[in-house]
Amino acid sequence: MAEKIKILIVDDNESTREGTQRLLEYEDNIEIVGFAENGLEAIKRVEEFHPHVVLMDINMPVMNGIEATQRLQQESPRTKVIVVSVQDDAHYLKQAFRAGAVDFVAKPITSAELAQAIERAYNSIQAEPTPPPMPVPAQAWPGAQWPTPGVSEGHVISVLGFKGGVGKTTLAVNLGVGLVKAGKKAVVVDTNLFFGDVSVFLNTRGQHTIIEMAHMASEPDQMDPQSVQSVLVTHESGVKLLTAPKNPRESEPISSEEIVNLLNYLKREFDYVIVDTATTLDEVLDASIQAAERLVIVTTPTMPALKDTQILISLLDADSLEKVILVLNQVDKYSRITADQIANYLKRPVAVQIPTDPSAVEAVNQGIALVTLDQRRVPSIRPLLNVVQLIRDAFETVQNEASQQEEPRKRWW
Ligand SMILES: Nc1ncnc2c1ncn2[C@@H]1O[C@H](COP(=O)(O)OP(=O)(O)O)[C@@H](O)[C@H]1O
Ligand SMILES: [Mg+2]
């Protein structure tokens, strides 16, 4: 049998220590090797027991969990710390990550969630080269000034539409999954802070959301790959998600600066950052437009949607207009308005038409991505993959044909 994951439980409260132990009782691959009542004792126990993962409380006498995490990070960098807090407080979260914790879990937590967090922390040790550990750039900001050798900068693609229900989220998640299927690293960012449903579309939810990520991004030099990874959720397709809060009450305002910072950060870790947006004209939407290299504008062939699309387009400046890829969704034989008429009305070509497809609704209800279904039976897949291809053409051919004189960027508009 594989090596067991050795755990040290640190908490000043005895019944909490026991409670955590009970949570992990039935996890075969986890072994609790010791306990500590405060940060200082935790450091000693780590030296003694060499646990893989420490579950660290924050408020403790003698030495608190944040300070202990910081010291462990220096003294035993191969031991990973998960901070466990009763408050799901962004302030603590930021402190914990800054101290070097790999994850932050808020109680109450289920055994499955805790076991998953432990496994992730353990896997992050396995993924590291044996000492010296991978250096995390200290001053990793701003984006363009953080050269990761051999890693090229990714691209931000925002999916927009002023009307609800036109298919923004459908496009965003399928672009994300489609890009991953094409071998790219992609993340879908849900900036719909109140009613975001990317996690519902893909039936995938984690502990953290864009709110925590935004808090980190308020001090971007404190962001590092590990804390960012722990806020992202992985869908089974391999696409990463930065989800919106499940409950609008858990939402908080995010500034345009935070959005730009977090998108710029993700650009360095991913080939493509797909941004799903809300229909509110606010700072977040503005930042999502400013930060993007392509704007996928989704509309349907109905007058209200076209009117709103017209308004959206009229608000874009000349630079942004150059980036537009217009997608006409939910086209069916009853649509009286043709793609040509729409192109005339909006003064730009319709890049892709997606038919009305009952599988779209079915896929959402089952929490699976359309593009992973059988292409022969699902007519919307090919057009969706065409949008994926358009985006790839915009960037990947630029690189391949860098030596050619023609500027491929001009092709779609
Ligand atoms: N081409 C399509 N054919 C049929 N239903 C679609 C299509 N595209 C999207 N839908 C459905 O329309 C609803 C709204 O789509 P959604 O992507 O949530 O729109 P938005 O994000 O713009 O509000 C969803 O139930 C989705 O499954
Ligand atoms: Mg949506």
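Predicted model, so just to flag it, every value in this text is computed and none were measured.

## Considering the overall build of the protein chain
Working step 1: Counting its secondary structure elements, the protein chain contains 16 helices and 13 strands.
Working step 2: Evaluated residue by residue, the protein chain yields a buried proportion of 52% over its 413 residues.
Working step 3: Sequence separation of at least 24 residues holds for 75% of the intrachain contacts in the protein chain that already meet a minimum separation of 6.
Working step 4: Of the roughly 19,300 Å² of accessible surface on the protein chain, 50% is carried by carbon and sulfur atoms.

## Observations concerning the side chain of S288
Working step 1: Its place among the elements puts S288 in helix 11 (residues 283–290).
Working step 2: For S288, a relative accessible area of 0% gives the class buried.
Working step 3: With residues up to four places along the chain from it excluded, the contact list for S288 reads S158, T191, I259, L263, V275 and T277.

## Concerning the packing of aromatic side chains
Working step 1: Inspection of every chain in the model, using the stated rule, returns one aromatic pair.
Working step 2: Over the face of the ring belonging to F270 we find K185, whose NZ or CZ atom lies 5.7 Å from the ring centre.

## With respect to the sheet that holds strand 2 (residues 30–36)
Working step 1: Taken in spatial order, the five strands line up as 2-1-3-4-5 in an open sheet, and their pairing is parallel. Two strands lie at the open edges of the sheet, namely strand 2 and strand 5 (103–106), each paired on one side alone. Taken over all neighbouring pairs, the strand axes of this sheet differ in orientation by 25 degrees on average, direction set aside.
Working step 2: Relative to strand 4 (residues 80–85), strand 3 (residues 53–56) is paired through four bridges, and the arrangement is parallel. The partner of V53 across the bridge, within strand 4, is K80.
Working step 3: Docked against the sheet, helix 1 (residues 14–23) engages strand 1 (5–10), strand 2 and strand 3, running at close to 175 degrees with respect to strand 2.
Working step 4: Across the sheet, helix 3 (residues 65–75) lies against strand 3 and strand 4, angled at about 160 degrees from strand 3, the strand it touches most.

## Some remarks on the environment of V189
Working step 1: Within the secondary structure layout, V189 lies in strand 7 (residues 186–190).
Working step 2: What makes V189 buried here is its relative accessible area of 1%.
Working step 3: Measuring from C-alpha to C-alpha, the distance between V189 and A244 comes to 8.2 Å, with 55 residues separating the pair along the chain.
Working step 4: Every residue in contact with V189, bar those within four places of it in the chain, is listed here: I210, L242, L262, L263, L266, V273, I274, V275 and D276.

## Considerations on the site of ligand 1
Working step 1: G165, K168, T170, N329 and D357 are the nearest of the 17 residues found near ligand 1.
Working step 2: Within the backbone of V166, a nitrogen or oxygen atom sits 3.3 Å from an oxygen atom of ligand 1.
Working step 3: With respect to ligand 1, the side chain of T170 contributes an N or O atom lying 2.6 Å from an oxygen atom.
Working step 4: For ligand 1, whose free accessible area comes to 560 Å², the fraction covered by protein is 82%.
Working step 5: Secondary-structure elements contributing two or more residues to the shell around ligand 1 are helix 6 (168–181), strand 12 (324–331), strand 13 (350–355) and helix 15 (358–366).
Working step 6: Along the lines of polarity and charge, the residues of the shell around ligand 1 split into seven nonpolar, eight polar and two charged.

## Considerations on the sheet that holds strand 9 (residues 240–242)
Working step 1: Spatial ordering of the open sheet is given by 8-9-7-10-6-11-12-13, a layout of eight strands whose pairing is mixed. Edge strands, defined here as strands with exactly one partner in the open sheet, are strand 8 (233–234) and strand 13.
Working step 2: The sheet contact formed by strand 7 and strand 10 (residues 272–276) spans five bridges and is parallel. Its bridge partner lying in strand 10, V189 is registered against V275.
Working step 3: The strands that helix 14 (residues 339–346) touches are strand 12 and strand 13; relative to strand 13, the one it contacts most, it runs at about 140 degrees.

## With respect to the pattern of salt bridges
Working step 1: In the structure shown here, the tally under the stated rule is 13 salt bridges.
Working step 2: Between R17 and E37 there is a salt bridge, with its nearest N and O atoms 3.9 Å apart. One end of the pair, R17, is in helix 1; the other, E37, is in the loop between strand 2 and helix 2 (39–49), with 20 residues separating them in the sequence.
Working step 3: We note a salt bridge from K184 to E396, for which the minimum N-O separation is 3.5 Å. One end of the pair, K184, is in the loop between helix 6 and strand 7; the other, E396, is in helix 16 (residues 381–400), and 212 residues separate them in sequence.
Working step 4: Taken together, the shared-partner salt bridges in this structure form one network comprising E41, R45 and E48.

## A short note on the nonpolar core
Working step 1: In this structure, M56, V189, L242, L262, L263, L266 and V273 are the most contacted members of the largest nonpolar core, which totals 70 residues.
Working step 2: Each of two domains, domain 1 (5–127) and domain 2 (155–412), supplies a minimum of three residues to this core.
Working step 3: Discounting residues that sit within four places of it in the chain, M56 has contacts with V10, A42, G65, A68, T69, L72, V81, I82, V83 and V84.
Working step 4: Counting residues in each nonpolar core, the second largest holds 40 residues, with I157, V180, Y272 and L390 among its members.

## Brief notes about the packing of helix 12 (residues 303–315) against helix 14
Working step 1: Look at helix 12 against helix 14: their axes get within 10 Å of each other, and the N-to-C directions meet at 35 degrees. Pair helix 12 / helix 14 crosses with right-handed handedness. Here M303, L306, K307, T309, Q310 and I313 of helix 12 lie close against helix 14, whose contacting residues are I342, Y345 and L346.

Parameters at a glance
- Residue numbers run consecutively from 1 along every chain, following the written order of its sequence.
- Here the convention is simple: chains get letters from A, ligands get numbers from 1, in the order in which they are written.
- Given that the model is predicted, a residue must reach a pLDDT of at least 70 before its local features are reported, and side-chain atom pairs must reach 80 or more before they are shown or counted; all residues, however, enter totals for whole chains, interfaces and linings.
- Neither water nor hydrogens contribute to the side-chain values; these are computed over all heavy atoms in the structure.
- In DSSP terms, a helix is any run of H or I states spanning at least four residues, a strand is any run of E spanning at least two, and both are numbered starting from the N terminus.
- Exposure is judged per residue with a 1.4 Å probe applied to protein chains only, and the accessible area is read against the type maximum: over 50% gives exposed, under 20% gives buried, and values in between give partly exposed.
- Contacts between residues were defined by any pair of non-hydrogen atoms, one from each residue, lying within 4.5 Å.
- To be clear on the numbers: accessible area is Shrake-Rupley with a 1.4 Å probe, and residue cover counts the displayed protein chains and nothing else.
- Pairing of aromatic rings covers Phe, Tyr and Trp, the last through its six-membered ring, and needs centres within 6.5 Å; plane angles under 30 degrees mean stacked, over 60 mean edge-to-face, and all others mean tilted.
- Here, over-ring charges are defined by two tests on the NZ atom of lysine or the CZ atom of arginine: distance to the ring centre within 6 Å, and angle to the ring normal within 35 degrees.
- By definition, two strands form a pair when at least two bridges between them are found by DSSP.
- To obtain an axis, a line is fitted to C-alpha atoms, over the contacting stretch when the element is a helix, and the angle between two such axes runs from 0 to 180 degrees between their N-to-C directions.
- Only heavy atoms are used to decide nearness, and a residue is near a molecule or strand if one of them lies within 4 Å of it.
- Any N or O atom pair separated by 3.5 Å or less is treated as a polar contact, with the protein-specific requirement of one donor-capable and one acceptor-capable atom, and with residues adjacent in sequence counted only for side-chain atom pairs.
- Each residue gets one label: Ala, Val, Leu, Ile, Met, Phe, Trp, Tyr, Cys and Pro are nonpolar, Asp, Glu, Lys and Arg are charged, and the others, such as Gly, are polar.
- Definition used for salt bridges: Asp or Glu carboxyl oxygen within 4 Å of a side-chain nitrogen of Lys or Arg.
- For this analysis, a nonpolar core means a set of buried residues of the types Ala, Val, Leu, Ile, Met, Phe, Trp, Tyr and Cys, connected via side-chain atoms within 4.5 Å.
- The start and end points of each domain follow an automatic or database-based domain assignment.
- By convention the crossing between two helices is left-handed if the near helix lies anticlockwise of the far one by an angle smaller than a right angle, and right-handed if it lies clockwise.

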